[in-house]
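# Breakdown of the fold
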Amino acid sequence: MNRLSYLILMKNKPVQPRLWNIEEFPFHPEKLNHIETLMTVGNGYLATRGSFEEGYEGDIVTTLIHGIFNHASGTAVPELVNAPNWLPFEVHIDGTPFRLVNQNEMSLNPRGGALLGYRQQLNMHIGLLRREALFRAESGSIVRIVFERFASLHDEHILGQRLDIVAVDGSPKIEVTAYIEHTVTNNGVIHWTDIKTGHTTNQVSLSAKTTQSDYRLGMSSTLLATGDMTITVDRGNQRPVMKSVFVLPHQESVTLVKLTTVYTSRDVTNPLKESIHKLENAAIIGYEKLLNQHQSEWHKYWQDSDIQIEGDEIAQLSLRFAMYHILISAPRHDNDVSIGAKTLSGFGYKGHVFWDTELFILPPLILTQPELARNLLMYRYHRLPGARHKAKANGYEGAMYPWESTDTGEETTPQWGDPQPDGSRIRIWTGDNEQHISTDIAYAVLQYWRWTGDDTFLARYGAEIILDTAVFWGSRVETKNGRYEISRQIGPDEYHENVDNSVFTNRMVVWHLEQAVSLVHWLKANTLVDYNRLVESLNLTQARLELWNDIIKNMFIPFDDAQQIHIQFPGFFDMEYIPVSHYYPRTASVQAILGHQRSIQTQVIKQADVVMLMALLGEEVGASEVMVNNWNTYFPRTDHGSSLSPSIHAWVAAHLGLDDIALEQFEHAAEIDLRNNKGNVQDGIHGAASGGLWQAVVFGFCGLYLDEKGEPVVEARIPDHWKSVTFTVCYRGERRQFTITPN
Ligand code: IFM
């Protein structure tokens, strides 16, 4: 491989490796699980956390494959399944196992080998994770060991690993072993059964199926070694192990390659056979070429998805990091899966899909990789039967999307939280009452259509989503007090559950129904076949359209005329006011500090709620005076207990000209994963924070929007120290590049 190949020219500017790399230097065992998440590699089919090839105590070794959910017996809900571990690639130097020995261990057992140097680097420009260590064996021999790995973006079924060993001092005997580890679980929950291992002279393989959902998986690996490679069966662990043993002369180096392939029954009927076949081809192509193909593919994605910021290296790196994680989790060739709240990088939220996808992760894809955005929207289209089922089961018409969604499209939000220290459990109401998700999905469909002009998608698929969820709302609203109301809702602020007339929900429903009415006219004018099909299948009678129009006119939107502010929900201001700033500085949410019971009786808000409404609907929400009043009311009450909050505040603050706050909120959002400022990055990347960060820059600081003619324009207000921001968006099939400078 040409190790400097990432120094290619992009947009006529040299790539600055420093601003493309996430580094760990030296080894930080205390941040093991955090860094494992950051260093995830993936290709939109699967992703693998940055756990070490040789393992480390307390690691969370995880590979998640899109769509492979399983509901294990004794568990509350289905979850994305941890796939067999393809990483094991172990080295013994004169009999000493290479592993990262921490300082305490070394003083206890100096003969266990010593770690003399360490650096780990994720090159986001080419999706390559590289780990380098200088290691002294018990014998005194010193070796430099370099591991590289990638999940091919060119062929999503291929995973590549390379191991370079240099004999820096001595001529050690080296023993390299490689295998597939099948005894994997999700935090102890077993999802695989019927596990069969096998081998030929040059490859090992494994097949397994999930215990409940019956997905089958086939995985195969080969070790391409310079010397002889033998395969022996480790009977204790019931797995075939590939081994290469040789003497490495002083100052010489050796390279070994491990290639792995994986298929599931979601892809092909015989995953094992296909994985073996693919592996044979991959071995013929060889590591170098596979890596080159992978890199070329990354270059294409970055051409369209990179934002360049001059004058703020941290902002630059954070944005690339955010986009990298979105790109590795966005399915390329599958429109029947979607991105979970924690992407594919950890067990958090069990791989479930929330509104995070449509309102946070999708916009950067809609504007820079529309074909990937379309895949994600198709996932929702395919899940309409589940949404219809949920509506019916709750006594409504139309389609009511689940708050948490998996492969089936049924509601998969657990009803109860994990046990508290006192053994009690908290009821989780979001699956029952966080109903705005249906409108969030409709919002994303229209955003996609407005930016892409993909009329075919709208007519064939998107319209059905928008209209059948509108049918749901028509049946969901209540007529009370001479107006329409919606009771028992959870808005974005999840601290206040089951409230009547959440202003976010009610106002978004009005917006949704307005769009639905216009869409019916658009269908009639542009595609009569689809119009007739949908009128017939969704029963879009004149009476239904009249009802929608009536709801639009007569929906209750809680508003305080005297103060000219929206009211988050009636009764909100009757609760105790606690300025969140009183709890500064803090490392936990105010909710965690006050406790669940107390905080729900206060005005502390979890995340952007009215402010979210302002971000989504802009000036449609109200005059600029109302926007400012809303901000002044709700910002001091917001805890940012959710990672979804700071980026939206940055976006809205930028529009309101609150430059310092906008920057502070942007920086807060940027640190969520990189600095683990919520302390839970071990559970996975906060996908919504990543997408929100992009939106804070493009929609917030750069002020990009579609004007009344539907043309993209910017009204920018970038931070003072940013010398320029350059980004590209795809508008109706054309690439448009914007460069914003302070003037
Ligand atoms: O969807 C979010 C929600 O808004 C806040 N709690 C976490 C969920 C998943 O990220």
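Right, let's walk through the structure included here. (Residues numbered from 1 in each chain as written. Predicted model: local features only at pLDDT ≥ 70, side-chain atom pairs only at ≥ 80, totals over all residues. Heavy atoms only, no water.)

What follows deals with the sheet that holds strand β6 (residues 63–70). Across the sheet, which stays open at both edges, the 4 strands sit in the order β4-β5-β6-β7 with antiparallel pairing between neighbours. Two strands close off the open sheet at either side, each with one partner strand: β4 (41–42) and β7 (79–82). Pairing analysis gives 2 bridges linking β4 to strand β5 (residues 46–48), with the strands arranged antiparallel. Within β5, the residue paired with Val 41 across the bridge is Thr 48. (Pairing = 2+ DSSP bridges. Helix = DSSP H or I, 4+ residues; strand = E, 2+ residues; numbered from the N terminus.)

Of all 11 residues in helix α19 (residues 645–655), 10 are buried; the element is thus mostly enclosed. Turning to α19, its buried residues are Ser 645, Pro 646, Ser 647, Ile 648, His 649, Ala 650, Trp 651, Val 652, Ala 653 and Ala 654. Elements in contact with the buried residues of α19: α6 (355–368), α17 (610–617), α18 (624–634), α20 (659–674) and α21 (687–701). Phi turns positive one or two residues past the end of α19, at Gly 657, with a value near 75°. (Buried < 20%, exposed > 50% of the residue type's maximum accessible area, 1.4 Å probe, protein only. Contact = heavy atoms within 4.5 Å.)

This next bit is on unusual backbone geometry. Across the junction of Phe 25 and Pro 26, the peptide omega takes the value -5°, indicating a cis bond. Along the chain, Pro 26 turns up in the loop between β3 (21–24) and α1 (32–38). The peptide bond linking Tyr 584 to Pro 585 adopts the cis configuration, its omega dihedral lying at -5°. Here Tyr 349, not a glycine, exhibits a phi torsion of approximately 55°, which is positive. You can see Tyr 349 is positioned in the loop between α5 (313–329) and α6. The backbone phi angle of Asn 501 is positive, close to 60°, even though this residue is not glycine. Residue position: Asn 501 is located in the loop between β23 (483–485) and α12 (503–526).

Using the criterion set out here, one finds 41 salt bridges in the structure. For the salt bridge of Asp 304 with Arg 735, the shortest nitrogen-to-oxygen distance reads 3.5 Å. A residue pair is termed long-range when its members are at least 10 positions apart, and Asp 304 in helix α4 (residues 287–305) and Arg 735 in strand β29 (residues 734–740) qualify at 431 residues. Using a relative accessible area of 17% as the deciding quantity, one classes Asp 304 as buried. Between Arg 383 and Asp 336 there is a salt bridge whose closest N-O contact spans 2.9 Å. Of this pair, Arg 383 sits in the loop between α7 (370–382) and α8 (384–393) while Asp 336 sits in the loop between α5 and α6, and the two are 47 residues apart along the sequence. You can call Arg 383 buried: its relative accessible area is 7%. Accessibility expressed as a relative area gives 30% for Asp 336, which makes it partly exposed. One continuous salt-bridge network, built from bridges that share partners, spans Arg 388, Glu 464, Asp 468, Asp 530 and Arg 533. (Salt bridge = Lys/Arg side-chain N within 4 Å of Asp/Glu carboxyl O.)

Before going further, it helps to examine the layout of surface pockets. Roughly 1,300 Å³ of internal volume is contained in the second largest pocket. Residue lining of the second largest pocket: 40 residues in total, with Leu 616, Leu 617, Gly 618, Glu 619 and Tyr 705 positioned closest to the centre. Mapped by element, the contributors of at least two residues to the lining of the second largest pocket are α6, α10 (437–452), α12, α17, α18, α19, α21 and β26 (704–706). Here the residues of the lining of the second largest pocket are counted per class, giving 20 nonpolar, 11 polar and 9 charged. (1 Å grid on protein atoms, 1.4 Å probe; cavity = no way out; pocket = protein on both sides within 12 Å on 5 of 7 lines; lining within 4 Å. Points joined across faces, edges and corners; volume = space filled by probe spheres on them. Nonpolar A, V, L, I, M, F, W, Y, C, P; charged D, E, K, R; others polar.)

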